[in-house]
Every structure is written in structure tokens, then in C-alpha cells.
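What follows is each chain in one-letter form.
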Amino acid sequence: MPRRPKRSHNGGPPLDDYEGPPWGKGDAYIFLAWRAALDKAWRAPSRAVMLMRLERAERLGLTYEEYTLEILERGRHLSEDDADRIAEIRRTRRSRRSSHFE
């Protein structure tokens, strides 16, 4: 009789014992295309671009990662006119930070 998983276990297969391809049972082409897109999106930009994003993020009260993620997800740069979206990002930051200690 198999053992019951722990309470915090998600019910998925063990990751250490898997011997198949990294894309699992899905389509290899889709997996590789997403992997390439992810690598390209998070590739380090030039120094000038990083400094520009850092300055804009600090001016808006966001971290560099939050500002860059907004560019990657929405495809646009935030400005002072986007006060509602900036406030929403800050609210989610507070909830994520406090949930780790509860």
C-alpha cells in the first residue's frame, strides 16, 4: 500500500526520481520555444538600459525587478501617470512580504 503524501505535498511525482526528458509528456517544441523566449526576455540588458530602468524605478518607488517585470508583462514603461498600477504593485509587494512570516 503506497504511503500518503505529507500535508504540504502537492501530489505530483517526485522530482528527484524522474528520468525522462525535461518537457515531460508534453510537446518538446513548445517546451523549447518557451525556454528560449524566457532566456531571451531575462537576458541582461546593456548597462545604460539597466541604469535607466533603475533610475525610473527608484523615482516611482519600485524595485528594479518590479519595474522590469512590468515592462516584460505589459510591454510598456510606467510613469507618474500610472499611479493606480504602481499602487497595485506596492500592495502586492506588502502582501507577499507579510505572508512569508505568518
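Further up the page is the structure itself.
Right, let's walk through the structure included here.

Cut-offs applied
- Residues numbered from 1 in each chain as written.
- Predicted model: local features only at pLDDT ≥ 70, side-chain atom pairs only at ≥ 80, totals over all residues.
- Heavy atoms only, no water.
- Helix = DSSP H or I, 4+ residues; strand = E, 2+ residues; numbered from the N terminus.
- Polar contact = N/O pair within 3.5 Å; in protein donor to acceptor, adjacent residues only side chain to side chain.
- Contact = heavy atoms within 4.5 Å.
- Axes fitted to C-alpha atoms, helices over the stretch in contact; angles between N-to-C directions.
- Parallel < 35°, antiparallel > 145°, perpendicular 65-115°, else oblique.
- Nonpolar A, V, L, I, M, F, W, Y, C, P; charged D, E, K, R; others polar.
- Core = buried A, V, L, I, M, F, W, Y, C linked by side-chain atoms within 4.5 Å.
- Buried < 20%, exposed > 50% of the residue type's maximum accessible area, 1.4 Å probe, protein only.

## So, the side chain of Arg85
Okay, so step 1: Along the chain, Arg85 turns up in helix H4 (residues 83-99).
Okay, so step 2: In terms of polar contacts, Arg85 uses its side chain to reach the side chain of Glu88, at 3.0 Å.
Okay, so step 3: Setting aside residues up to four positions removed in sequence, Arg85 forms contacts with Glu70, Arg74 and Leu78.

## With respect to the packing of helix H2 (residues 47-60) against helix H3 (residues 64-74)
Okay, so step 1: Running from amino to carboxyl end, H2 crosses H3 at an angle of 105°, the nearest separation of the two axes being 8 Å. Between H2 and H3, the crossing angle belongs to the class labelled roughly perpendicular. Of the residues in H3, those in contact with Met50, Arg53, Leu54, Arg56, Ala57 and Leu60 of H2 are Tyr64, Tyr67, Thr68 and Ile71.
Okay, so step 2: Across the contact of H2 with H3, the residue classes tally to 7 nonpolar, 1 polar and 2 charged.

## Here's the deal with the nonpolar core
Side chains of nonpolar character tend, in soluble globular proteins, to be buried together.
Okay, so step 1: Of all hydrophobic cores here, the largest spans 8 residues; its members are Ala57, Leu60, Leu62, Tyr67, Ile71, Leu78, Ile86 and Ile89.
Okay, so step 2: Looking at this core, the elements with two or more residues in it are H2, H3 and H4.

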